[in-house]
Amino acid sequence: MAALWGAVILNLIIIEVLFFATAPAKNALHATGKFLGLHAALAMLLQLVLIARLPWLDRRLGMDRLTSWHRWTGFSLFWLVLLHPTFVMLGYAQAYDSTFLKQASNLIGMGPTMIGFIAVGIIAVAAGVSVRLARRKLSYETWHAVHVLLYVAIVLALIHQTYEASTFTATTVSAVYWWSLWAFAGLSLIVGRIIVPLRRNARMRLRVAAVVPEAENVVSIHVTGKDLDKLGARAGQFFIWRFVGYNSWWKANPFSLSAAPGHNALRLTAKAVGETSAGLRDVPVGTRVFAEGPYGAFTSIHKTREGTVLIAGGVGVTPIRSLLEELSGPIAVLYRVQSAADAVLLAEMEQLARMKGAQVHVLSGRTGAGNPPNLPFAPEHLVRLVPDILERDVFVCGPPAMTDAVLKSLRQLKVPPLQIHAERFALAS
C-alpha cells in the first residue's frame, strides 16, 4: 500500500512541477482549468492501474480494497473532468471579453475539444450509474456494460490530450513523462486483463463438470481443468467467470470459490440475483469455462493468530465455507441468515466443523425484533458466542450493512485492526 501511495504522491509532485514550468496561462481561471486537466489525466491513469487486475497488486491489497479506491478515484475523476472544461471556458470568456456560452459554442466546434466533451459525457454517465441508489436498481450486467464504455472515454481523452492540451507537450520532458505514464498504464491493463487470463485459460482448459442446486435460488457449479494447482488459488478468493457459448462474452460475473481449490477442481456457488447468475442452473455439463483470477486478499495468508472467527451473511457464506475447509486451530463460525431455511451450505459447514472441532452458530431472525431486541452482532453478543474473540483473527464477508455492523462492534471491543479481515462483497458476490 505504501508503495502505491508513494507512487501517486510522487507523480502528483511531478505534474505540478511540470505545470508551473510551462508557459503561463491567459489568466487565473484558464490556469485553474489546465491544472485540473493535468490531475484528471493522472486520475484516469490511476484508474487504469487499479482495474488492471495485476496479480502482484491484488495479492497485497485485495480486489475489495482496490475496488473501493477505484470507486472514489472515479468520483474524483468525474469532478475533475467536469471542472476542467468549465474553468477553461471561463478563462477564455474573461480573456476575450465574451460569454461562457459563446466560448463553449466555439470550443465544441473544434474537433479535439469535441472529442474531450464526448469523453466527459461518458464519464458522467458511468458516475451516475455508480451512485449507490442507482447501482441498487441496476443488474450487474447493465452496470458492467456501461463501464465498458469507459475504455472508449479513455481513448478519446488520450486523443484530446495529444492534440489539444499544450501543457502535456510543452517541453520534451513533459511529453516523455506523460507518454511513459500512458505506456505503463496501458501495458498494465493489457497484461492483467488480456495476456495473463488468456495464457492461464489456454493451459487450464476449464469445463463444467457438474451443476448442483443448493436451494431454490442457489446453485453450485463444479469446474474441472488441468494444472489448477499452478494458479496459486486459495480459499476465500474469487474468479470472474464466463461460460462460453451459454452467455454473451461481455456477461461475466464475479463468484467466490465455495470450496477450497483442489488439484484439478474448483467450485463456485451463486445466488440468482441477475440475468447471468439466475440461469446458471441451466448451464450444460461440458460447457467451456473462461475464468479470470484468482483475485482477492481475503485469505488465510493474512492470518496473525492461531484462533479464527468466521462471520458470514447471505451468500457471503461461500468464501467463509472455503476458508473453514482450509483453516486449522480453534474456529468459530457465525452465520447470519433471515431464517434457518436460508442457510445455504450449512450442512457442509457443520460436517467440516465436526471434523475440525469447530463451532457453528446460525444467527437468524429479523434484526431488532423481539424483546430484548435481536442484535446478533452487538459487542456483548459477540463476546458471549466467542469469549476469546480479542485473541483471534476475524474474517467477515456479507452484505455491506452487516459488515459495517460487525466492524463497528469489533472496534468497540478493541480487536486489533491487523486481526480483522473484511470482504465487503463488492465484486465477490
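Residues numbered from 1 in each chain as written. Predicted model: local features only at pLDDT ≥ 70, side-chain atom pairs only at ≥ 80, totals over all residues. Heavy atoms only, no water.

- If you check an unreviewed UniProt entry, the protein chain appears there as Ferredoxin reductase family protein from Dactylosporangium aurantiacum.
- Turning to the protein chain, the UniProt annotation filed under Subcellular location (unreviewed entry) states: "Membrane".
- Taken verbatim from the UniProt record of the protein chain, the Cofactor (unreviewed entry) comment is "FAD". (UniProt positions renumbered as here; feature names shortened; annotations may be inferred.)

**Focus on a nonpolar patch on the surface**
Here is step 1: On the surface, Trp5, Ile9, Ile13 and Val17 cluster together into a nonpolar patch covering about 390 Å² of accessible area.
Here is step 2: Structurally, Ile13 is set in helix α1 (residues 2–21).
Here is step 3: Judged by its relative accessible area of 48%, Ile13 is partly exposed. (Patch = residues over 30% accessible without salt bridge, like charges linked within 9 Å, V, L, I, M, F, W, Y side chains within 5 Å. Areas by Shrake-Rupley, 256 points an atom, 1.4 Å probe, with all protein chains shown as cover. Salt bridge = Lys/Arg side-chain N within 4 Å of Asp/Glu carboxyl O. Helix = DSSP H or I, 4+ residues; strand = E, 2+ residues; numbered from the N terminus. Buried < 20%, exposed > 50% of the residue type's maximum accessible area, 1.4 Å probe, protein only.)

**Some words on helix α9 (residues 172–204)**
Here is step 1: The end-to-end C-alpha separation of α9 is 46 Å, in line with the 48 Å expected for 33 residues at 1.5 Å each.
Here is step 2: Remark: the principal bend of α9, roughly 40°, maps to Val191.
Here is step 3: Looking at the residues trailing α9, positive phi occurs at Arg205, about 55°. (Expected span 1.5 Å × (residues − 1). Bend = angle between axes of the 7 residues up to and from the residue.)

**Concerning the UniProt feature "transmembrane region" (unreviewed entry) in the protein chain**
Here is step 1: Taken from the UniProt record, the annotation "transmembrane region" (unreviewed entry) applies to residues 5–23, 35–56, 77–95, 107–131, 143–163 and 175–196.
Here is step 2: Taken end to end, residues 143–163 is 100% helix and 0% strand, and its first and last C-alpha atoms sit 31 Å apart.
Here is step 3: Taken end to end, residues 175–196 is 100% helix and 0% strand, and its two terminal C-alpha atoms sit 30 Å from one another.

**Quick look at the pairing of strand β6 (residues 289–295)**
Here is step 1: Taking burial as the measure, the seven residues of β6 include seven buried ones, the bulk of the element.
Here is step 2: Judged from the five bridges that link them, strand β3 (residues 238–243) and β6 form a sheet pairing that is antiparallel. Pairing of Trp241 across the sheet is with Ala291, part of β6. (Pairing = 2+ DSSP bridges.)

**So, the packing of helix α2 (residues 28–50) against α9**
Here is step 1: Contact geometry for α2 and α9: axes closest at 8 Å, N-to-C directions at 25°. As summarised for this structure, α2 and α9 are arranged roughly parallel, according to the angle between their axes. Crossing geometry of α2 relative to α9 is assigned as left-handed. For the pair formed by α2 and α9, the contact residues are Leu38, Ala41, Leu42, Met44, Leu45, Leu48 and Val49 on the first element and Trp178, Leu181, Trp182, Phe184, Ala185 and Leu189 on the second. (Axes fitted to C-alpha atoms, helices over the stretch in contact; angles between N-to-C directions. Parallel < 35°, antiparallel > 145°, perpendicular 65-115°, else oblique. Left-handed = near helix turned anticlockwise from the far one by under 90°. Contact = heavy atoms within 4.5 Å.)

**Topic: the sheet that holds strand β11 (residues 420–423)**
Here is step 1: Strand order across the open sheet formed by five strands is β9-β8-β7-β10-β11, with parallel pairing between neighbours. Bordering the open sheet on either side are β9 (359–363) and β11, each of which pairs with just one other strand. For this sheet, the mean angle separating the axes of adjacent strands, direction not counted, is 15°.
Here is step 2: Relative to strand β8 (residues 331–336), strand β7 (residues 307–313) runs parallel, the two sharing six bridges. In the strand pairing of β8, Ala312 is matched with Tyr335.
Here is step 3: Sitting on the sheet, helix α11 (residues 317–326) touches β7, β8 and β10 (392–397), and the angle it makes with β7 is about 155°.
Here is step 4: Along the sheet, helix α14 (residues 400–412) contacts β7, β8, β10 and β11; its crossing angle with β10, the most-contacted strand, is approximately 160°.

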